[in-house]
Amino acid sequence: MLGRHAALEIVYHAMELTKADQVQVSLVTSEEALTRFANSAIHQNVAERDAVLGIRAVIGKRVGYVASNATDSEGIRRLAERARAVTLAQEENPDFVSLPGPTRVPALDIWRERTASFTPDDRAQAVRVVVDTAGSWGAIASGAFSTWEREHAVVNSLGVEAYCASTGAMLSTVMSKEPGGFGYASALAQDVGAIDPSAVAHEAAMVCARSVSPRELAPGVYPVILKPYAVSELIAGLAWAGLGALSVQERRSFMNDRFGEQITGEKITLFDDGLDRAGLPVPFDAEGVAKQRVDLIVKGCANAVVYDSYTAHREGKQSTGHATGGSGVWGPYPQNLFLEPGDSDLDTMIRATERGVLITRFHYTNLVHPTKTVLTGMTRDGTFWIENGQIAYPVKNLRFTQSILDALASATAIGRERKLVDVGWACVPALKLERFEFSGTTEF
Amino acid sequence: MEDLTQRALDRARQAGASYADVRVVRRTTEEILVKNGHVEAVEAGESTGFGVRVVVDGAWGFASSRQVDADEMERVAELATRIARASALVQREEVDLAPVEPARGRFEMPCRKDPFEVPLEEKISLLLDADAALRREPRVTVSEARMAFFREEKTFASTEGAYLEQVKTESGAGVAATATESGEAQTRSYPAAFGGDFAAAGYEFIESLDLEQGAETAGQEAAALLDAPQCPSGVTDLILEGQQLALQIHESCGHPVELDRVFGTEASYAGTSFLTTDKLDTFQYGSDAVTLVADATIEGGLGSFAYDDEGVPAQRVPLVEEGIFRGYLSSRETAARIGRTSSGAMRADGWNRIPLIRMTNINLEPGDWSLDEMIEETQEGLLLSTNRSWSIDDKRLNFQFGTEAAWEIRNGRLGRLLKNPTYTGITYQFWRACDAVARREEWRVWGIPNCGKGEPCQVAHVGHGASAARFRGVRVGVMR
């Protein structure tokens, strides 16, 4: 960790050396460590220390971006010169208006000493808990325990100045038990102390033990109950399919021409909030613009999308604080998604289901048709047939090919508790959907 | 540099390492995006650092840093040994490495025209011309033309005495036209989707692509797809063009033959593999038309190199011979477990990542058909072109792909253009249904620069040699 003063000194120095009409400089430093285990043993254990200094230079309407992990004086000087050279070599971009001006960035306490000082031995002890728990259930464990510490500093020549330090930790495990049993659980938090390895291990072990000897289930349309891990894949799929302003401006979003219209079920309210402490909060985006809450879908109605400065200026609006970094070619993206909770819970949903499928998690999801929000993927790590309000037996994994909005339109119950999940950093509850199409099966 | 790497290796040994290696890596990148008639972005990047990998008490440890100097080499080497000792706390078997002859030397892959020396203005001009060609079709609303260049300068040294320097340059480009109308968006790309095609070569590769000609066709086809009927559902014969077949090979052969997946070390993330070791030399993976190899020695392949990141020489390894499953991509550690030597497939995504088993160039060997002959001898079927979406289960059995476009085949002739085609199957059933592969003259190596694997995530640049191939009785039109 450089600390606020040293980090800002570097970015201001780089800004001073960059000869351009407007300049933005960002610095991200990181200390990251990850312990990976499989077959109930640690097989990979890594640590890294890095930094990325990025300069965005604007000359007229020419915009260039350069980055390097060299932050010594010579490295900064070379990068500043390269920024000018790259920018001058370009053609003008008539759509570019300006870098963003300063916004009021809130102070967030998102750095935890306990996480920053977590050691390889600490991670190994936690893995030992997971492995021993698996053993006590007759299962084997695989997974990863990672911790990280990062600093972000952004300044620009229009007066933006933003700095924050943050930490995070994640433990995930897949347990397996012959024949054919699998279970998954994970925990993600800013404070590693909030992660209980025993609780994660027991959650996975119980699912694993219950999923041994799965039976075949024919493809078809069924009611489904999705745990938050699975819900996060649908929500992340929606984000990819068009919750950023660039996709709307390029007319490839499912939101196009539908703002104000009912696009999915009335129970569905989806928003992005980088400041909500239930997620992994971050006070500003890659341009140093303060994060704003954006209500994307409200009671099933298409309401809004997120903006960075480039897409906002095109429409005469202000950035919502969702720039994604670099030269911004991927456009703005919601990185702190929340699905509004309901008043149900997993047990109640199962009891209220005559016939249906309980899904722990999806695997390898991919958009088949973005404007129709059609997503495909597989179930994995604990899929069960529900009959007469009870989990009847485990089933082999299924492929789904399904419009996300159509599926969410059939939501009849939403969990009251939300879980923070690494897929899309989404904070989501469990869901019951009355119609979900499985298009194929596999052999396990 | 050898003085520096030796400092790391000596410190690791003093701290108790029975084996250590160090990689010092410098990466240089440049990306240019032209969109809708103007330059949207020019990005240039550099990243330098080193990583030290050690075995202590029979367990692995790895640490890395961007600061390449003697003191940091020693700090990081010592940290790696501390991490390895922590690994040993939860250990079942000690690491055992298959032997390799320690090699020394310097190797530079061919690059006739250095892309980083070609003036930016020249590259932008070529992209602007291609972008304009995309927009000659008025219904194209988003036009994109991209180029990307990548250079890696890498030094590898090990306590066994290896010392290797390698330089590899990669170049790639592509165009994409998106036509939109009434809530429908259709994209056609050339020569491949998701940024185009890539090769371990210089700017001469970009010049060989004829982007402008490809762009004009892409624009026209994107617009035509708006009016095209939906690909129907059913079971039919399928001909896959080379670029889509490259991804089919990637997902359903390349990943399942990774021996670390087979042994479960990717179980919690990307998954395992149905190609378990009991199937070696006996399992009918495909028809006798199917021969697949891993070949890190071919010129221009993104998966080519002189030595892998364990100092093992590049090889050509049989994976499937006339349909029978024959071999794996392996490392020194995993190869030792099946009594073989490493196939030389350990590759790391930069200085700050540990090497993992990654694809090299996974190729479907050419057959003796031509694409035209395949079409002529197909009564009813579909010709599918250019990947759009992909998904496969965590043992690599059930897959589903979408492509940008399909053409009907009826009575040996190409017919209507169809939109939103998809197809699905079970890996070995699909490859067993392969009855025709196009010949060497129609075969080429496709570059895929975005293969993800591992935690922390690593992105590998891999190659796939493929020509068109035909598959009988495939389920198509999954999305209605």
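So, how was this worked out
Residues numbered from 1 in each chain as written. Chains lettered and ligands numbered in written order. Predicted model: local features only at pLDDT ≥ 70, side-chain atom pairs only at ≥ 80, totals over all residues. Heavy atoms only, no water. Phe/Tyr/Trp six-rings, centres within 6.5 Å; stacked < 30°, edge-to-face > 60°. Helix = DSSP H or I, 4+ residues; strand = E, 2+ residues; numbered from the N terminus. Buried < 20%, exposed > 50% of the residue type's maximum accessible area, 1.4 Å probe, protein only. Lys NZ or Arg CZ within 6 Å of the ring centre and 35° of its normal. Axes fitted to C-alpha atoms, helices over the stretch in contact; angles between N-to-C directions. Parallel < 35°, antiparallel > 145°, perpendicular 65-115°, else oblique. Left-handed = near helix turned anticlockwise from the far one by under 90°. Contact = heavy atoms within 4.5 Å. Nonpolar A, V, L, I, M, F, W, Y, C, P; charged D, E, K, R; others polar. Pairing = 2+ DSSP bridges. 1 Å grid on protein atoms, 1.4 Å probe; cavity = no way out; pocket = protein on both sides within 12 Å on 5 of 7 lines; lining within 4 Å. Points joined across faces, edges and corners; volume = space filled by probe spheres on them. Buried area = accessible area lost by both parts, 1.4 Å probe. Salt bridge = Lys/Arg side-chain N within 4 Å of Asp/Glu carboxyl O. Polar contact = N/O pair within 3.5 Å; in protein donor to acceptor, adjacent residues only side chain to side chain.

Draft legend 1. Here's a closer look at the packing of aromatic side chains. Per the counting criterion, the structure on display carries 28 aromatic pairs over all chains. Ring centres of Phe-400 of chain A and Phe-436 of chain A lie 5.3 Å apart, and the angle between their planes is 45°; on these two criteria the pair is classed as tilted. Here Phe-400 of chain A, found in strand S15 (residues 398–403), pairs with Phe-436 of chain A, found in strand S17 (residues 426–441); they are 36 residues apart in sequence, far enough to count as distant. Under the relative-accessibility criterion, Phe-400 of chain A is labelled buried at 1%. With a relative accessible area of 1%, Phe-436 of chain A lands in the buried category. Here the aromatic rings of Phe-399 of chain B and Phe-401 of chain B are separated by 5.6 Å at their centres, their planes lie at 45°, and the arrangement is tilted. Of the two residues, Phe-399 of chain B and Phe-401 of chain B, both sit in the buried class. Each residue in the set Tyr-285, Phe-399, Phe-401, Tyr-423, Phe-430, Trp-431 and Phe-471 of chain B is aromatic and connected to the rest through ring pairs, giving one cluster. Lying across the ring of Phe-283 of chain B, Arg-432 of chain B places its NZ or CZ 5.4 Å from the centre.

Draft legend 2. Here's a closer look at the packing of helix H4 (residues 120–136) of chain A against helix H5 (residues 197–210) of chain A. Residue and element names in this part refer to chain A. Interaxial distance between H4 and H5 falls to 9 Å at its minimum, and their mutual angle equals 30°. Between H4 and H5, the angle is such that the two are roughly parallel. In terms of crossing hand, the pair formed by H4 and H5 is right-handed. Contacts between H4 and H5 involve Ala-126, Val-129, Val-130 and Thr-133 on the former and, on the latter, Pro-197, Ser-198, Ala-201, His-202 and Ala-205. For the contact of H4 with H5, the class distribution of residues is six nonpolar, three polar and no charged.

Draft legend 3. Inspection of the sheet that holds strand S11 (residues 316–321) of chain B at higher detail. Residue and element names in this part refer to chain B. Taken in spatial order, the four strands line up as S12-S11-S10-S15 in an open sheet, and their pairing is antiparallel. The strands lining the two open edges of the sheet, one partner per strand, are strand S12 (324–325) and strand S15 (362–364). Here four bridges tie strand S10 (residues 292–295) to S11, and the two strands are oriented antiparallel to one another. Pairing of Leu-292 across the sheet is with Val-320, part of S11. In the packing of helix H6 (residues 242–254) onto the sheet, contacts are made with S10, S11 and S15, and the angle to S15 comes to roughly 115°.

Draft legend 4. Structural view of the pairing of strand S22 (residues 458–466) of chain B. All names here are of chain B. With eight of its nine residues buried, S22 lies for the most part within the structure. Summarising the sheet, strand S21 (residues 444–453) and S22 pair through eight bridges and their orientation is antiparallel. Across the sheet, Gly-447 pairs through a bridge with Gly-463, a residue of S22. Taking the residues that link successive antiparallel strands as the turn, the S21-S22 hairpin has four residues, and the phi of Gly-454 there is positive, at about 85°.

Draft legend 5. Broad picture of the layout of surface pockets. Looking at the largest pocket, its volume works out to about 620 Å³. His-43 of chain A together with Trp-60, Thr-265, Glu-333 and Arg-337 of chain B are, among the 27 residues lining the largest pocket, the residues nearest its centre. Every element with two or more residues in the lining of the largest pocket is listed here: strand S2 (41–59) of chain A together with helix H8 (332–337) and strand S14 (356–357) of chain B. Counting residues per element, the lining of the largest pocket draws most heavily on S2 of chain A, which supplies four residues. Each residue belonging to the lining of the largest pocket can be placed in one class, and the counts come to 11 nonpolar, seven polar and nine charged. Space inside the second largest pocket adds up to approximately 500 Å³. Every residue lining the second largest pocket is counted, 25 residues in all, and those nearest its centre are Ser-176, Glu-178 and Phe-182 of chain A together with Thr-272 and Lys-395 of chain B. Partitioning the lining of the second largest pocket into residue classes produces nine nonpolar, nine polar and seven charged.

Draft legend 6. Broad picture of the interface of chain A and chain B. At the junction of the two partners, chain A supplies 80 residues and chain B supplies 84 residues. Carbon and sulfur atoms make up 48% of the area that chain A and chain B hide from each other, which totals about 6,700 Å². Between the two partners, chain A and chain B, sit seven salt bridges. The salt bridge involving Glu-48 of chain A is made with Arg-353 of chain B; its shortest N-O contact spans 2.4 Å. Linking chain A to chain B there are 49 residue pairs in polar contact (both at pLDDT 80 or more). Of all the elements, S2 of chain A adds the most residues to the side of chain A that touches chain B, at 11 residues. Grouping the amino acids of the side of chain A that touches chain B by side-chain chemistry returns 33 nonpolar, 28 polar and 19 charged. Where S2 of chain A lies against strand S3 (residues 59–65) of chain B, four bridges are found, and the strand directions are parallel. Bridging across to S3 of chain B, Arg-49 of chain A finds its partner in Ser-65 of chain B.

Draft legend 7. Focus on the pattern of salt bridges. Tallied over the entire structure, the rule returns 73 salt bridges over all chains. Across the pair Glu-160 of chain B and Arg-332 of chain B runs a salt bridge whose closest N-O atoms are separated by 3.0 Å. Of the two residues, Glu-160 of chain B is situated in the loop between strand S5 (140–158) and strand S6 (163–181) and Arg-332 of chain B in helix H8; the sequence distance between them amounts to 172 residues. A residue is classified by how much of its surface remains accessible, and Glu-160 of chain B, at 34% relative accessible area, is partly exposed. The exposure class assigned to Arg-332 of chain B is buried, which follows from its relative accessible area of 2%. Linking Arg-439 of chain B and Glu-373 of chain B is a salt bridge whose minimum nitrogen-to-oxygen distance equals 3.9 Å. Taken together, the residues Arg-439 of chain B in the loop between strand S20 (434–437) and S21 and Glu-373 of chain B in helix H9 (residues 371–376) connect sequence positions 66 residues apart. You can call Arg-439 of chain B partly exposed: its relative accessible area is 30%. For Glu-373 of chain B, a relative accessible area of 32% translates into the label partly exposed. One network of salt bridges, with partners in common, ties together Glu-250 and Arg-252 of chain A together with Lys-35, Glu-144 and Arg-146 of chain B.

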